[in-house]
Amino acid sequence: MEKVIIDPVTRIEGHLKVEVTLDRGIVKEARTSGTLFRGFEIILKGRDPRDASQITQRVCGVCPIAHATASVFALDQAFGLEDKIPSNARIIRNLILGSNFLQSNILHFYHLAALDFVDLNRLARYQGEDARVRALKEFLAGGNSSPFLPRYEGDYRLDDRANEELASHYLLALEVRRKTHEMLAIFGGKMPHSVSMVAGGVTEKPTVDKISAFLWRVNEIREFIDNVYLSDVMRITEKYGDYLEMGASGYRFLSYGAFNLDQDPIDQTKRSRLYPQGLADVALKLTDLEPDRITEQVKNSWYEDETTNRHPFRGDTVPSENKSRGYSWIKAPRYDGEPCEVGPLARLVIGYSLSHPPVRDLVEKSLSRMKLKFPNLLSCLGRHLARALDTKLVADAMAEWVLQLKPGEPVYVAYELPEEAEGMGLTEAPRGSLGHWIRIKGGVIDNYQLVVPTTWNASPRDDSNQPGPVEKALTGIKVRDSRNPLEVVRIIRSFDPCLACAVHFVTPKGRELEWFRIS
Amino acid sequence: METKRQPVIWLQGAGCTGCSISIMNSVSPSIKNLLLDEVVPGSFLQLVFHPTLMVATGEASIEVMLDTREKEEGRYILVMEGGIPTARGGIFATVGEKKGEPVTVLSRFINLARGSLAIIAVGDCATFGGIPAARPNPTGCKGAKDVVEEEKIDVPVINVPGCPPHPDWFVGTVAHILLYGLMSSDDLDELNRPKIFYGQLIHENCPRRPYFDEGKFARKLGEEGCLYELGCKGPFTYADCPLRHWNGGVNWVIGAGSPCLGCTEPSFPDITGPFYKKISHWEKLKPSLK
């Protein structure tokens, strides 16, 4: 047996450590741990409830808008506004969140994941005229190699042409990603950490110049998605076909649904959304979403055993400093006691299982174009493909939504702050299902809880010792070279983990934080 | 012309990566220019360590950091993003291991700070503690300058606050170092912020200022008028957002009808919050001048 420790896993958001145990090259066991803890829920307590949509954005600078969205949904519910949000505000919220999806997905594929597949070293022999490739070649030839080297060596398979084009697109995508933030700021004010989305609606008004500025940018980015992003993912799948067969978690998929298409029905688990809500297993068997079935288990996390298996709203978090079974600050959220995979792949699988028209059509068309079967999606590269299709679906929808805005009509509804109230906000973040729960007492936040996508995906083992989805996806894979464990990092990154999100901490009963150490 | 390479180690502590993402939004120079090209004639940046962008992972990434610490001692710039948890010896944020034990961001920071030419603290968390240091500061988070002073490290710290900072504020600070050398005390305010970016109040340059002077105040969000009654912290916040605008100039906070949150000030978020409530304690909002 050989133990491989990767700490830090770079090119993700946040601080992650992964430990795999190899038996003759096969992963027998994998353990993922978050290594940063900030204590957001403790910080939120006692504050003005309206500030939650600003404070929680600071959980993650890559996808702050997902937190803003979940937060304003929870506040709308607590303030009794769910059916009163003006249509302009609903659309602008969708445009802001959608722009964040584009930003996060493009960043993830090109700047976080692609260099596990693209061989920059080989650009030394480039003779072509592409200015971006030449810039990279000259940069590397000048003896300056960071931040591109060192890297894991070995299995890089793209032919020269595809390799050069993807390298070129790495730089192109830096510009495209920046424009997604410009798009977002048109209605969001600024990014990262946007200001426009508030309880009761948005603060920015639609005007024809903003609509047109948004439309032109979204169309430019759609062109990039259709002609560059999707075909780059396809080129990687052509050469790394074995990654369409490995890296599945095998667990049920979960989605809260995202992008309200209407204010009705008021129930967030049933509201009409671009992405539908639900659960689906790998045989496409569907289940309706009932958030009450969610619990968080902690037998293998550094928290007191007696607090295990509670719904987040009734949860309690008591750190346990020397727990021998503990190996992560992340709790293990479970649905009906089962681990679930969340993310773009989950959204597509659920939409596909429901025969939800835009999702089903896009998935079928793409699979047939690539000569792939549905089970190929349930894999490491399947996640990348799903993320690219997710980007397309959202971008195409935004180009229609922006034209539904009505200048001159309201964007905000005023309200009274309640003394006591509760609210739940469910949405999808780019990397999966995100839920916020708020309880207000005496006009301030009494309890605020977040169950974030990476808590689902990078969760440790639960009370029945079932590994989390990332751990499960790594188990059984073959690692060719333990000094260059490319297989491990490729699979981890396919989940697009966001560890800043995943490690958070609650003391809902106002308990003093107890101190502890990592043993 | 001979070119020089300015090594940069970018350490992330208790933060959200938003500052890195904001720097990636730089327009001219673009992030590609910052990574690959001469940032000013004759000078490249050499981004030796950056957890979000670097290709190296695991031990190899730490080796390259420690190698630079040794070989470029006194030459590299340390950029700190995120706060530095200090409670319980700093165990709340660790990066990499040494002999099987996790190494805290606190000890990495102290070690790297001692060998650096200068420290640029980007964002509120690294300058004044920011969100993770907000009441009750569960992890004992501190900004870089506090740790440097406590540890008696004789290296200058330039503070580039904001949640996140505008990319121009960071890029301009770096360009100053490359063109003219380290900033002197004349270039910085009492909080070590470059005066060129943080020299004037939002309020002084706000396009809604005429409303304030006339006493025309918005009563609810989305309404025309000065946002002061709705909680705007522009009258207490030093930054050039109203002139510079954000994200390629398309918009900014008050431009989108939202009150300024005061995010370049040490009082963010405990005193500048509640964000949507008229300020009732002027005196506390003044930056803690020395």
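Topic: the confidence of the model for chain B
Here chain B averages 94 in pLDDT, and 97% of its residues register 70 or above. ipTM for the predicted complex: 0.96, alongside a pTM of 0.95.

Side note on unusual backbone geometry
Residues and elements named next belong to chain B. The linkage connecting Phe268 with the following residue, Pro269, adopts the cis geometry, with an omega of 0°. With respect to the helices and strands, the residue Pro269 is situated in the loop between helix 11 (241-244) and helix 12 (282-285). One non-glycine residue with positive phi stands out, namely Asn247, at about 50°. Checked against the element boundaries, Asn247 lands in the loop between helix 11 and helix 12. With 27 C-beta atoms counted inside 10 Å, the residue Asn247 sits in the buried group.

As for the sheet that holds strand 10 (residues 286-287) of chain A
All names here are of chain A. Across the sheet, which stays open at both edges, the four strands sit in the order 10-9-6-13 with mixed pairing between neighbours. Lying at the two open borders of the sheet, with one neighbouring strand each, are strand 10 and strand 13 (340-341). As judged from the two bridges shared by strand 9 (residues 278-280) and strand 10, these two strands associate in the antiparallel manner. What sits directly across from Ala280, in strand 10, is Leu286. Lying on the sheet, helix 8 (residues 344-353) is in contact with strand 6 (252-255), strand 9, strand 10 and strand 13; it crosses strand 6 at an angle near 95°.

Re the pairing of strand 6 (residues 94-98) of chain B
Residue and element names in this part refer to chain B. Pairing analysis gives three bridges linking strand 6 to strand 7 (residues 101-104), with the strands arranged antiparallel. From the neighbouring strand, Glu97 faces strand 7, where its bridge partner is Pro102. In sequence, strand 6 turns back onto strand 7 through a hairpin of two residues, with Lys99 there showing a positive phi of about 50°.

Some thoughts on the packing of helix 7 (residues 208-239) of chain A against helix 10 (residues 380-401) of chain A
All names here are of chain A. Between helix 7 and helix 10, the shortest axis-to-axis distance is 9 Å and the interhelical angle comes to 160°. As far as their axial angle goes, helix 10 and helix 7 are roughly antiparallel. The two elements helix 7 and helix 10 cross, and the hand of that crossing is left-handed. Each of Leu215, Val218, Asn219, Ile221, Arg222, Ile225, Asp226, Tyr229, Leu230, Val233, Ile236 and Thr237 in helix 7 lies in contact with helix 10, whose residues at this interface are Leu381, His384, Leu385, Ala388, Thr391, Lys392, Ala395, Asp396, Met398 and Ala399. Taken together, the residues of the contact of helix 7 with helix 10 break down into 14 nonpolar, four polar and four charged.

Some words on the interface of chain A and chain B
Chain A puts 71 residues into the contact, and the matching count from chain B is 68 residues. Looking at the side of chain A that touches chain B, the elements that each hand over two or more residues are strand 1 (2-6), helix 1 (40-44), helix 2 (52-55), helix 5 (131-141) and helix 6 (160-188) of chain A. If one sorts the elements of the side of chain A that touches chain B by residue count, helix 6 of chain A sits on top with ten residues. Its residues assigned to classes, the side of chain A that touches chain B comprises 38 nonpolar, 15 polar and 18 charged.

Here's the deal with the environment of Leu289 of chain A
All names here are of chain A. Topologically, Leu289 is positioned in the loop between strand 10 and strand 11 (294-297). Using a count of 21 C-beta atoms within 10 Å as the deciding quantity, one classes Leu289 as buried. Remark: the alpha-carbon pair of Leu289 and Gln449, spanning 160 residues in sequence, is separated by 19 Å.

Observations concerning the nonpolar core
Residues Ile9 and Leu78 of chain B are the most contacted members of the largest nonpolar core, which totals 241 residues. Take this core: its biggest share by element is 14 residues, from helix 4 (residues 87-113) of chain A. Two domains share this core, each providing at least three of its residues, namely domain 1 (4-196) and domain 2 (200-290) of chain B. Ignoring sequence-local partners within four residues, the contact set of Ile9 of chain B consists of Val48, Phe49, Met65, Thr68, Tyr76, Leu78 and Leu112 of chain B.

Here we look at the sheet that holds strand 3 (residues 26-34) of chain A
All names here are of chain A. With respect to topology, three strands assemble into an open sheet ordered 1-2-3, the strand pairing being antiparallel. Two strands lie at the open edges of the sheet, namely strand 1 and strand 3, each paired on one side alone. Sheet twist, expressed as the average angle between the axes of neighbouring strands with direction ignored, equals 15°. Of the strand pairs in this sheet, strand 2 (residues 16-23) and strand 3 are connected by eight bridges, and their pairing is antiparallel. The residue bridging Val20 from the neighbouring strand is Ala30, located in strand 3.

Side note on the domain arrangement of chain B
When the parts of a complex come together, some accessible area is lost, and that lost area is often used as the size of the interface. All names here are of chain B. Domain annotation of chain B identifies domain 1 (4-196) and domain 2 (200-290). Computed over C-alpha atoms only, the centres of domain 1 and domain 2 are separated by 28 Å. Opposite the 15 residues of domain 1 that make contact, domain 2 presents 14 residues.

Description of the pairing of strand 14 (residues 421-429) of chain A
Residue and element names in this part refer to chain A. One ladder, built from nine bridges, connects strand 14 with strand 15 (residues 432-441); its direction is antiparallel. Residue pairing in the sheet places Ala421 in a bridge with Ile440 of strand 15. The turn joining strand 14 and strand 15, which pair antiparallel and follow one another in sequence, is formed by two residues.

Description of helix 7 (residues 167-180) of chain B
All names here are of chain B. Taking 1.5 Å as the rise per residue, helix 7 with 14 residues should run 20 Å; its terminal C-alpha atoms sit 20 Å apart, in good agreement. Those residues of helix 7 that sit buried are Pro167, Trp169, Phe170, Val171, Thr173 and Val174. Elements that come into contact with the buried residues of helix 7 comprise helix 1 (18-23), strand 2 (38-40), strand 8 (118-122), strand 10 (157-160) and helix 8 (195-198).

Section: helix 6 of chain A
Residues and elements named next belong to chain A. Compared with the 42 Å implied by 1.5 Å per residue over 29 residues, the 41 Å span of helix 6 between its first and last C-alpha is a close match. Of all bends in helix 6, the biggest is about 30°, found at Leu171. The buried fraction of helix 6 amounts to 24 of the 29 residues, a majority that puts the element mostly inside the structure.

Reading the values: the criteria
- Residues numbered from 1 in each chain as written.
- Chains lettered and ligands numbered in written order.
- Predicted model: local features only at pLDDT ≥ 70, side-chain atom pairs only at ≥ 80, totals over all residues.
- pLDDT = per-residue confidence, 0-100.
- Helix = DSSP H or I, 4+ residues; strand = E, 2+ residues; numbered from the N terminus.
- Buried ≥ 20, exposed ≤ 12 C-beta atoms within 10 Å, placed from the backbone.
- Pairing = 2+ DSSP bridges.
- Contact = placed C-beta atoms within 7 Å.
- Axes fitted to C-alpha atoms, helices over the stretch in contact; angles between N-to-C directions.
- Parallel < 35°, antiparallel > 145°, perpendicular 65-115°, else oblique.
- Left-handed = near helix turned anticlockwise from the far one by under 90°.
- Nonpolar A, V, L, I, M, F, W, Y, C, P; charged D, E, K, R; others polar.
- Core = buried A, V, L, I, M, F, W, Y, C linked by C-beta atoms within 7 Å.
- Domains from an automatic or database assignment.
- Expected span 1.5 Å × (residues − 1).
- Bend = angle between axes of the 7 residues up to and from the residue.

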